[in-house]
Amino acid sequence: MAARTKIVVMALCIFLGWAGWTGLEALLHCSPKAKTAGSAADGTGGQDMGAKVTKTKKEWKAALTPEQYDVMIQCGTEPPFSGKYNDFWGKGTYFCAACGAPLFDSNTKYDHGTGWPSFTSPLTGPAVDTKDDISHFTHRIEVRCATCGAHLGHVFDDGPGPDGKHYCINSAALRFAPFDAARRDAGAATPPTPQAATPASPRPAAVETAVFAAGCFWGVEYKFGQVPGVLETQVGYTGGLTKNPSYEDVCTDATGHAEAIRVTFDPTKINYEDLVRKFFSFHDPTQLNRQGPDVGTQYRSAIFYRDAVQKTAAEKVRAEMEKSGALRKRIVTDIVPAGEFYKAEEYHQQYYEKNKIKSCGF
């Protein structure tokens, strides 16, 4: 009986020790406890991370993709070499994927070889906060967004810069936006001189406009610009309630706006119905609130009709597409009244032509 009792006592001690460590780890890192004040992620041990954006766990789950939620709220880690920004070298700013706050400049990004986006330093502000992380039986320094408290990654002392810092960040926690033309010239004293404009063809006496949303507006604008009869394209934001939103505002997926394209066309060269058919051919209208890797309501498929004639034509073409059997899934394209269209920043306009690329880079 004595030996059996010792075994029971030893097993109990091991269990209590394990439970105690698990509780401590949850307290000092992430845990499923109720949200503490001043933090986006649940269970920061009551530590004030200086957050300015707060949401409940349920609200974050609704706002983020499953991968973003796992990384930013549950403090998970994406597999190495799997993130979209690991081998991405565009010039611009990296924002928090949860709240849209600016975090890192592309000029501080480098290849550390570990399989995650690496930076020598964050933006000043401060952009990020750090805290001790003793999860997984090791001590590390965790990096969180200073605005919303979301988990970003960790910082190590094996970087190449003068401070030796290596900010190892999950791609899922980031959202990239390119610099404008002046900044993209790597600090040139003056912005690049614009090319001389090609003399425009005489404008038809009667023109019409159409507004569509089909995911990342760069590529869709380029495709519409190649359609005979299209006179002008302009990208912007519409469908939401926020007044005069910026690109960063829309990237938070909290404005209700979609990345959209306003097309000015000559109805004697291409009618509205055919333009809608082009719209359906330019993207996958069966994807709900996303296009490819871009996820969020700002990437929804939508037709914003300007009058009853456009509404009837859009519904007719959508019905034709559904009956044709060309698509295996149900079309989720919204057909809704057009609201105010807010022109996007100038660097977004004709982005493909300006940057000589054929991919959105996301």
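Residues numbered from 1 in each chain as written. Predicted model: local features only at pLDDT ≥ 70, side-chain atom pairs only at ≥ 80, totals over all residues. Heavy atoms only, no water.

Undergrad: Describe the packing of helix H7 (residues 272–281) against helix H8 (residues 308–324), and please don't skip the residues or the numbers.
TA: With their axes 9 Å apart at the nearest point, H7 and H8 run at an angle of 45° to one another. Judged by the inter-axis angle, H7 sits oblique to H8. In the packing of H7 onto H8, the handedness of the crossing is right-handed. Here Tyr272, Glu273, Val276, Arg277 and Phe280 of H7 come into contact with H8, specifically with Gln310, Ala313, Ala314, Lys316, Val317, Arg318, Glu320 and Met321. Considering only residue class, the contact of H7 with H8 consists of seven nonpolar, one polar and five charged. (Axes fitted to C-alpha atoms, helices over the stretch in contact; angles between N-to-C directions. Helix = DSSP H or I, 4+ residues; strand = E, 2+ residues; numbered from the N terminus. Parallel < 35°, antiparallel > 145°, perpendicular 65-115°, else oblique. Left-handed = near helix turned anticlockwise from the far one by under 90°. Contact = heavy atoms within 4.5 Å. Nonpolar A, V, L, I, M, F, W, Y, C, P; charged D, E, K, R; others polar.)

Undergrad: Which residues make up the nonpolar core, and what are the values?
TA: Within the largest apolar cluster, 38 residues are counted, with the highest numbers of intra-cluster contacts made by Phe212, Phe217, Phe224, Tyr272, Leu275 and Ile303. No other element matches H7, which puts five residues into this core. Every residue in contact with Ile303, bar those within four places of it in the chain, is listed here: Val211, Phe212, Tyr272, Val276, Phe279, Phe280, Ala314, Thr333, Asp334, Ile335 and Val336. Within the second largest apolar cluster, 31 residues are counted, among which are Phe88, Phe119, Ala172 and Phe176. (Core = buried A, V, L, I, M, F, W, Y, C linked by side-chain atoms within 4.5 Å. Buried < 20%, exposed > 50% of the residue type's maximum accessible area, 1.4 Å probe, protein only.)

Undergrad: Tell me what's going on with the sheet that holds strand E2 (residues 102–105), and back it up with residues and numbers.
TA: Overall, antiparallel pairing links the three strands, which are arranged E2-E1-E9 in an open sheet. Of all strands in the sheet, those bounded by a partner on one side alone are E2 and strand E9 (174–178). The sheet shows a mean angle of 30° between the axes of neighbouring strands, taken without regard to direction. Sheet topology places strand E1 (residues 92–96) next to E9; five bridges connect them, and they run antiparallel. Along E9, the bridge assignment pairs Thr93 with Ala177. (Pairing = 2+ DSSP bridges.)

Undergrad: Account for the pairing of E9, with residues named and values stated.
TA: When you tally the buried positions in E9, you get five out of five residues, the bulk of the element. Across the two faces of E9 the burial is the same, with Leu174, Phe176 and Pro178 and Arg175 and Ala177 all buried.

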